[in-house]
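Survey of secondary and tertiary structure
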Amino acid sequence: MNKAVNDRVWSGTWVADRLGVELVGDSRLTDLLGLALRRNPKRAHLLVSNVLGKHVPQSPSVVYGQGFALGRRVRDLLGDEEAARAVVLGYAETATGLGHCVADGIALAPYLHSTRRPVPGVTPAGGFEESHSHATSHLLLPEDPALLAGDGPLVLVDDEFSTGNTVLNTIRDLHERYPRSRYVVVALVDMRSEEDAGRLDAFAREIDARVDLVAAASGTVKLPEGVLEKGQDLVARFEGTHPGARGCIESAATAAWARPAPTCPHPALNRMHLMWPRDLPDGGRHGFTPAHRIRLESALPAMAARLAEALPQDAHRVHILGFEELMYAPLRLARELEQVAEGVEVTYSTTTRSPVLAVDDPGYAIRTRLTFPAHDNPADGPGDRYAYNVAGADFDAVIVVVDSTADTPDLHAPDGLLARLAEHTPHVTLAVVPSYTPERPSMLAEPLRGPTFSSYAPEDVGWLLQDLSDVTLEAPTEEREEAIQSGGAHYAESLPVEYQPSDQYQELFRTALRESSARLAQAVGAVTEIVLQERSPRPVLVSLARAGTPVGVLMRRWAQFRHGLELPHYAVSIVRGRGIDANALRWLSGHHDPADVVFVDGWTGKGAITRELAEAIKQFEAEGGAVGFDPEIAVLADPGSCVKTYGTREDFLIPSACLNSTVSGLISRTVLRADLVGPDDFHGAKFYRELAGGDVSVEFLDAVAARFPEVAEAVGAQVKELLSSDREPTWEGWAAVERISEEYGIHDVNLVKPGVGETTRVLLRRVPWKILARAGAGADLDHVRLLAEQRGVPVEEVAELPYTCVGLIHPKYTRGATGADGRAVTL
């Protein structure tokens, strides 16, 4: 093939000249589409997409970008709230990857694609017919039977709309089972006639639902009278001589099977191990959630690096070849390889079961064809499969990506795909993605995400919690703590009333944020770099809700800013006296390597939570839980010298400590109560949607992240200093708290809350007795002094205080809320 010539000639010219077929519509149509002919009794011509990555090798960034951009348009159309309630459905086989890219663009919705592969043990949730296809039956096999049962928008994605029949069949089948009020139809090109477009509108009125259409380009195909018969005759003329033989390249004068394939010995095969994440679906056949996407994003760089290592050193043109419905995984691998393999041109396409005539002419879309036997034991029996425009493309290497179901003897046979490819490229590498097999539905739910739970963006954090927003749990502070004391209840069984800051206090917060954001940004950068260098190059950040959550989001943003990393981030509950949520640990160990998990908190006081976490992990392992979790917490500030992974040991104001839910995504502190949290449930929390007017969660994150560029150099110097210093914990904070407890006649370290953050919590959520402030402490304590004045709490300056301040809790009300086990204590 002469690529330079092909670039100057529309790849539909050959068919248009011979059959009189015309594309009429948007000026982009001829850039997006070419034409070919196929053996099909229903429609002879084939619209061949140049940007889908099915028949025509294309840059993976172009392929991914087309679908992603359509997804963004859908999200803009629906709005975040409706997009978060949506489900995206793609069509097998051609649009499985496109639909997945659209789902990525929407970002908030799960994805499912139809399939022609029955899976034992999975009951279909629906099915439909594709009228013009050579293989019509589509199955819907979601792992979660409730995936299609919601009433949110259904987004249907196909590569083209020719008549709209497939969409009508799908909506008709699903609407009878799961009626909803809105559908969005998405395609690269909308080629329906006015009559067909009218049928879809009429159908929408019939079912009383709104149907929107989003397409990259639109137009129509003008077909002259008798085109089907003429097309069939033309196909028969080219392939009729030897209808059963297989060959490699078909020219305008010679059918692919008209000359025998070159003979060659069984090629040597380079098989490489991707190390695909355990239990991560290979695509959307059984459903693919936003949480799955985050896991994949995290794993892609390492897998692409392995692909790059498998390439021959002299490879300059590399092709990634996916397999039928397995389009998305190889596309993402190809796109990632394209980013990291310098000096290498990477293209992508997939094999298909669709028979198309190949003609080696620059005005024809399918220049060459490789034919080989099906290799995934298809339900409809053996048959031929095809790879188009790969032979004759002069690729230095081809990486074949299949799922494990398709890694069969037929794939490796002398006439199989690998052997066919070896006839046309010097290097063939096989990468196998494990076929995902649905298991019994987990008792544990998927993480909650914004905007349906919290005001954070869905990619910022996944909450391993259950939503208790509809349960009344709040009580006035004194009343709550007296009730706990008298009844011996645990402090985590109820919630304090959320403090509503005054305008004066809000202004103090914003002043503190302006003055400390650079210092805070530097601490974020330092602790993140320490984690990346000492804990894991691809850490899974797990914040201790809720004070740790803004810090985890900022660490995730730093890794993205400085290293281009998309780190997974979750928030979990830990309760004094009850430990960390064991079900959250089980979920994490089922989705990630425990060794990569890094627990994150905002600051240390005396180190009680540090000890609590270590004991909880030890107990979790002793009871048969997964091993490998490191209980060492990473914090911004470690004034108590309780951990070795920190950004600073200064006791300075972290503005997120000034507020409660309104700086933490509008999420309450966590709740653990037997009548609300069962043995297979996550701990609970509330989403205070009604406080959205005072929410500064994103404002806080943006203010700190905006300072990242200016502190980058300082972070580098600080990290070098930290890495070379002795960071072993000395527990000086615990010793200081013990001294203060005895000196003030309290005799209980649980009533002494050291540090700016913990002192603020005392004033916001407890019944404070007095505040100890280091003599000369300045603006870091402005908000503390204001809160103390509002609550009538004395502030006592102390000359030799090891912390900036210490909050002392009033014993009269807090014995039941602050004991070591969370229950009543004796003073």
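Per chain, residues are indexed from 1 in the order of the written sequence. Since the coordinates come from a predicted model, pLDDT governs what is reported: local features require at least 70, and pairs of side-chain atoms require 80 or more to be given and counted, while whole-chain, interface and lining totals use all residues. With hydrogens and water excluded, all non-hydrogen atoms of the structure serve as input to the side-chain values.

Our focus in this paragraph is the overall build of the protein. Broken down by element type, the protein carries 24 helices and 33 strands. Three exposure classes are used, based on accessible area relative to the maximum for each residue type with a 1.4 Å probe and protein chains only: buried under 20%, partly exposed in between, and exposed over 50%. Burial analysis of the protein (827 residues in total) assigns 61% to the buried set. Residue contacts follow a heavy-atom distance rule, with two residues in contact if any of their heavy atoms lie within 4.5 Å. Taking the contacts inside the protein whose residues are at least 6 apart along the sequence as the reference set, 76% of them involve residues at least 24 apart. Areas reported here follow the Shrake-Rupley algorithm with a probe of radius 1.4 Å; residue values treat only the protein chains shown as occluding. Within the structure as shown, the protein displays about 31,000 Å² of accessible surface, and the carbon and sulfur contribution to it stands at 49%. A helix here means a DSSP run of H or I that spans at least four residues, while a strand means a run of E at least two residues long, and both kinds are numbered starting from the N terminus.

Aromatic contacts are taken between Phe, Tyr and Trp rings whose centres are within 6.5 Å, Trp giving its six-membered ring; a plane angle under 30 degrees counts as stacked, one over 60 as edge-to-face, and the others as tilted. Summed over the entire model, instances satisfying the criterion amount to 13 aromatic pairs. Ring centres 6.2 Å apart and planes at 40° place the aromatic pair F599 and F629 in the tilted group. Highlighted residues: F599 in strand β26 (residues 597–603) and F629 in the loop between α18 (608–622) and β27 (633–637), separated in sequence by 30 residues. For the pair formed by F599 and F629, the shared burial category is buried. Aromatic rings pair up to connect F453, Y456, W463 and F687 into one cluster. R611 extends its terminal NZ or CZ atom over the ring of W731, reaching a point 4.4 Å from the ring centre. Note on criteria: charge over ring means Lys NZ or Arg CZ within 6 Å of the ring centre, with the direction from the centre no more than 35 degrees off the ring normal. Looking at K770, its charged tip hangs above the ring of W769, at a distance of 4.9 Å from the centre.

Take the environment of E143 next. Tracing the sequence through the fold places E143 in the loop between β7 (137–140) and β8 (154–161). Since its relative accessible area comes to 23%, E143 is described here as partly exposed. When the C-alpha atoms of E143 and T123 are compared, they prove to be 8.9 Å apart, with 20 residues separating the residues in sequence.

The subject of this paragraph is the packing of helix α16 (residues 548–563) against helix α20 (residues 708–723). Orientation of α16 relative to α20, taken along the N-to-C sense of each, is 85°, at an axis distance of 12 Å. On the basis of the axis angle, α16 is roughly perpendicular to α20. Taken together, the residues of α20 that come into contact with α16 (itself represented by L554, R557, W558, F561 and R562) are F708, P709, V711, A712 and V715. For this classification, the nonpolar set comprises Ala, Val, Leu, Ile, Met, Phe, Trp, Tyr, Cys and Pro, the charged set comprises Asp, Glu, Lys and Arg, and every other residue, Gly included, is treated as polar. Among the residues making up the contact of α16 with α20, the classes are represented as eight nonpolar, no polar and two charged. Axes, fitted as lines to C-alpha atoms, cover a helix only where it is in contact. Angles between the N-to-C directions of the axes lie from 0 to 180 degrees. The labels follow the angle: roughly parallel below 35 degrees, roughly antiparallel above 145, roughly perpendicular from 65 to 115, and oblique for the rest.

For the rest of this paragraph, the subject is the environment of L763. By secondary structure assignment, the location of L763 is in helix α22 (residues 756–765). Spatially, the C-alpha atoms of L763 and L787 are 6.5 Å apart, while their sequence positions differ by 24 residues. When neighbours within four sequence positions are excluded, L763 is seen to be in contact with P768, I771, V784, L787, A788, R791 and V793.

For the rest of this paragraph, the subject is the sheet that holds strand β32 (residues 795–798). Pairing is mixed across the open sheet formed by four strands, whose spatial order is β30-β33-β31-β32. The sheet terminates laterally at β30 (752–754) and β32, the two strands that pair on one side only. Here the average twist between neighbouring strands, direction ignored, is 20°. Paired strands are those between which DSSP finds at least two bridges. Here β30 runs beside strand β33 (residues 805–809); their pairing, made up of three bridges, is antiparallel. Counterpart to V752 in the pairing with β33 is L808. Docked against the sheet, helix α21 (residues 732–743) engages β30, β31 (768–774) and β33, running at close to 140° with respect to β30.

We now examine the nonpolar core. Side-chain atoms within 4.5 Å link the members of a nonpolar core, which is a set of buried Ala, Val, Leu, Ile, Met, Phe, Trp, Tyr and Cys residues. By size, the foremost hydrophobic cluster in this structure holds 130 residues, and its most contacted members are V155 and Y364. Examining the composition of this core, we find that seven residues originate from one element, strand β9 (residues 182–190), more than from any other. Here V155 is in contact with V74, L78, A86, V87, V88, L89, I106, V184 and V186, once residues within four sequence places are set aside. With 107 residues, the next largest nonpolar core counts A512, A705, A777 and V784 among its residues.

What follows deals with the packing of helix α6 (residues 96–106) against helix α11 (residues 328–340). It is at 9 Å that the axes of α6 and α11 come closest, and there the two elements cross at 65°. For the pair α6 and α11, contact is made by G97, H100, C101 and D104 and by Y328, L331 and R332, respectively. Residues of the contact of α6 with α11, tallied by class, amount to three nonpolar, two polar and two charged.

Take the pattern of salt bridges next. It is possible for side chains bearing opposite charge to pair when their charged atoms get close. The working definition used for a salt bridge is a side-chain nitrogen of Lys or Arg within 4 Å of a carboxyl oxygen of Asp or Glu. Scanning the entire structure with this criterion turns up 34 salt bridges. Across the salt bridge formed by R353 and D380, the nearest N and O atoms sit 2.8 Å from each other. Taken together, the residues span a long stretch of sequence, with R353 in the loop between β13 (345–350) and β14 (369–373) and D380 in the loop between β14 and β15 (384–388) at a distance of 27 residues. Relative accessible area serves as the criterion here: at 53%, D380 is assigned to the exposed category. We note a salt bridge from R535 to D630, for which the minimum N-O separation is 3.5 Å.

Here we take up the confidence of the model for the protein. Scored from 0 to 100, pLDDT reflects the predictor's confidence in each residue. Put simply, the protein has an average pLDDT of 85, and 89% of its residues get 70 or more. For residues 241–268, every residue scores under 50 in pLDDT, and the model assigns this stretch 66 contacts once sequence neighbours within four places are set aside. Predicted confidence for residues 814–827 stays below pLDDT 50, and this span has 48 contacts to residues more than four positions away or in other chains.

Before going further, it helps to spend a moment on the sheet that holds strand β23 (residues 569–572). Read across the sheet, six strands follow the order β18-β23-β22-β26-β27-β28 without closing on themselves; strand pairing throughout is parallel. The strands lining the two open edges of the sheet, one partner per strand, are β18 (462–463) and β28 (645–648). As paired elements, β18 and β23 share two bridges and run parallel to each other. From the neighbouring strand, G462 faces β23, where its bridge partner is Y570.

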